[in-house]
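The primary structure of each chain is shown beneath.
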Amino acid sequence: GAVVSQHPSWVICKSGTSVKIECRSLDFQATTMFWYRQFPKQSLMLMATSNEGSKATYEQGVEKDKFLINHASLTLSTLTVTSAHPEDSSFYICSAFTGSGSPLHFGNGTRLTVT
Amino acid sequence: AQSVTQLDSQVPVFEEAPVELRCNYSSSVSVYLFWYVQYPNQGLQLLLKYLSGSTLVKGINGFEAEFNKSQTSFHLRKPSVHISDTAEYFCAVSGSGGYQKVTFGTGTKLQVIP
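Bear in mind that the values here come from a model prediction, so they are computed numbers and not experimental data.

Rules used throughout
Residues numbered from 1 in each chain as written. Chains lettered and ligands numbered in written order. Predicted model: local features only at pLDDT ≥ 70, side-chain atom pairs only at ≥ 80, totals over all residues. Heavy atoms only, no water. Helix = DSSP H or I, 4+ residues; strand = E, 2+ residues; numbered from the N terminus. Buried < 20%, exposed > 50% of the residue type's maximum accessible area, 1.4 Å probe, protein only. Areas by Shrake-Rupley, 256 points an atom, 1.4 Å probe, with all protein chains shown as cover. Lys, Arg positive; Asp, Glu negative; His and termini not counted. Charge placed at Lys NZ, Arg CZ, Asp CG, Glu CD. Salt bridge = Lys/Arg side-chain N within 4 Å of Asp/Glu carboxyl O. Pairing = 2+ DSSP bridges. Axes fitted to C-alpha atoms, helices over the stretch in contact; angles between N-to-C directions. Phe/Tyr/Trp six-rings, centres within 6.5 Å; stacked < 30°, edge-to-face > 60°. Contact = heavy atoms within 4.5 Å. Buried area = accessible area lost by both parts, 1.4 Å probe. Polar contact = N/O pair within 3.5 Å; in protein donor to acceptor, adjacent residues only side chain to side chain. Disulfide = S-S within 2.5 Å.

Participant: Sorry, what's going on with the overall build of chain B here?
Facilitator: When helices and strands are tallied, chain B shows zero helices and twelve strands. Listed by position from the N terminus, the elements making up chain B come as β-β-β-β-β-β-β-β-β-β-β-β. Dimensions of chain B, computed from the C-alpha atoms along their principal axes, are close to 40 × 30 × 20 Å. Relative to its 114 residues, chain B shows a buried fraction of 45%. Summed over all atoms, the accessible surface of chain B reaches about 5500 Å², with 51% contributed by carbon and sulfur. Here chain B contributes 8 positively and 8 negatively charged side chains, and the mean placements of these two sets differ by 10 Å.

Next up, the structure:
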């Protein structure tokens, strides 16, 4: 149980375009989802906390106008990288929280390459 | 605030040999502890977790970890590694009770040598 599906698994886009990444909880309802960014050979950096029906909470230093997060339903959160630049190239991973003491359940990540 | 330290960025080990990946944490409150594994270009998969109770926790793929409160450690061990264990391993900590932000260590790359 507790499967998180993330799509697409990889995407290449041109500089200046926008890219949307979807994160779905397949067999449970996730009131809270998290978006992480991972640079090569580094740990996960929490970008924002996505709560269903309310605005996302962004971590310090993360541009909310650039990384738009929408959590429209209990099973879907989306991250849109707007006006992408090469420095936005990274591995983006979503995860969902199911309750106190429960581990985070991760999607398989999205490799974004901006050319 | 809490933090996690994984001192070893890379650990090479021969196949069928034992391995220990070290994790130390700091926190001013009670914690939950986790180990995750990440294979290339994939998300993280939970190996095991400590919430309370027995300090020796067994997880998937033959891994186990021991919570040591006095040493604030949660080292991961496996008595005999396989080639398929080659991956990145992350230790993580969160405060206990309700939702608490999860803090990840910087990861340890386990390289199993045939």
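Participant: Explain the pattern of salt bridges to me, please; I cannot follow it from the model alone.
Facilitator: Side-chain pairing between opposite charges can occur once the charged atoms of the two side chains come close. Counted by the stated rule, this structure contains seven salt bridges over all chains. With a closest N to O distance of 2.9 Å, Lys66 of chain A and Asp88 of chain A form a salt bridge. Of this pair, Lys66 of chain A sits in the loop between β6 (57-58) and β7 (67-73) while Asp88 of chain A sits in the loop between β8 (76-81) and β9 (90-97); the two residues are 22 residues apart in sequence, bridging distant segments of the chain. No difference in accessibility class separates Lys66 of chain A from Asp88 of chain A, as the two residues are buried. Between Arg77 of chain B and Glu66 of chain B there is a salt bridge, and its shortest N-O distance comes to 3.6 Å. Taken together, the residues span a long stretch of sequence, with Arg77 of chain B in strand β9 (residues 73-78) and Glu66 of chain B in strand β8 (residues 64-68) at a distance of eleven residues.

Participant: Explanation requested: the sheet that holds β7 of chain A in the structure shown.
Facilitator: The pairing of strands in a sheet comes from backbone hydrogen bonds and takes either a parallel or an antiparallel form. Residues and elements named next belong to chain A. As summarised here, the arrangement of the four strands in space is β1-β3-β8-β7, forming an open sheet in which the pairing is antiparallel. Sheet topology places β1 (4-7) and β7 at the edges, where each strand pairs with a single neighbour. Across the sheet, the mean angle separating the axes of adjacent strands is 15° when strand polarity is ignored. Pairing geometry for β7 and β8, over five bridges, is antiparallel. Considered in β8, the bridge of Ile69 is made with Leu79.

Participant: I tried to follow the packing of aromatic side chains on my own but got confused; where do I start?
Facilitator: For any pair of aromatic rings, the description rests on two quantities: the centre-to-centre distance and the angle between the ring planes. According to the stated counting rule, one finds ten aromatic pairs over all chains in the structure shown. Look at Phe63 of chain B and Tyr89 of chain B: their rings are 5.4 Å apart centre to centre, the planes differ by 45°, and that puts the pair in the tilted class. Here Phe63 of chain B is found in the loop between β7 (56-58) and β8, whereas its partner Tyr89 of chain B is found in strand β10 (residues 87-95), with 26 residues between them in sequence. Among the aromatic residues, ring-to-ring pairing joins Tyr36 and Phe106 of chain A together with Phe34, Tyr36 and Phe104 of chain B into one connected group.

Participant: Please explain the interface of chain B and chain A as it appears in this structure.
Facilitator: Many analyses report the size of an interface as the accessible area lost when the parts associate. Across the boundary between the two partners, chain B contributes 20 residues, which contact 21 residues of chain A. A buried area of about 1600 Å², summed over both sides, lies between chain B and chain A, and 60% of it is on carbon and sulfur atoms. Summed over the shared surface of chain B and chain A, the result is zero salt bridges. Counting the contacts that link chain B with chain A gives five residue pairs in polar contact (both at pLDDT 80 or more). Residue assignment for the side of chain B that touches chain A shows that the elements contributing at least two residues are β5 (31-38) and β6 (44-50) of chain B. A total of four residues in the side of chain B that touches chain A trace back to one element, the largest contributor, which is β5 of chain B.

Participant: Got a minute to help me understand the pairing of strand β2 (residues 10-13) of chain A in this structure?
Facilitator: Each regular strand displays side chains that alternate between the two surfaces of the sheet. Residue and element names in this part refer to chain A. Here β2 shows a clear split, with Val11 and Cys13 buried on one side and none of Trp10 and Ile12 buried on the other. Looking at chain direction, β2 and strand β11 (residues 110-114) are connected through four bridges and run parallel. Its bridge partner being in β11, Trp10 is matched across the sheet by Arg111.

Participant: Just checking my understanding: could you explain the state of the cysteines for this structure?
Facilitator: Working definition of a disulfide: a covalent bond connecting the sulfur atoms of two cysteines. The full count for this structure, using the stated rule, is two disulfides over all chains. Here Cys23 of chain A is linked by a disulfide to Cys94 of chain A, with a sulfur-sulfur distance of 2.0 Å. On the sign convention where negative is left-handed, the bridge of Cys23 of chain A and Cys94 of chain A, at about 80° about the S-S bond, is right-handed. Separated by 71 residues along the polypeptide, Cys23 of chain A in strand β3 (residues 19-25) and Cys94 of chain A in strand β9 bring together distant segments of the chain. The buried category is assigned to Cys94 of chain A, whose relative accessible area is 0%. At a sulfur-sulfur separation of 1.9 Å, the disulfide partner of Cys23 of chain B is Cys91 of chain B.

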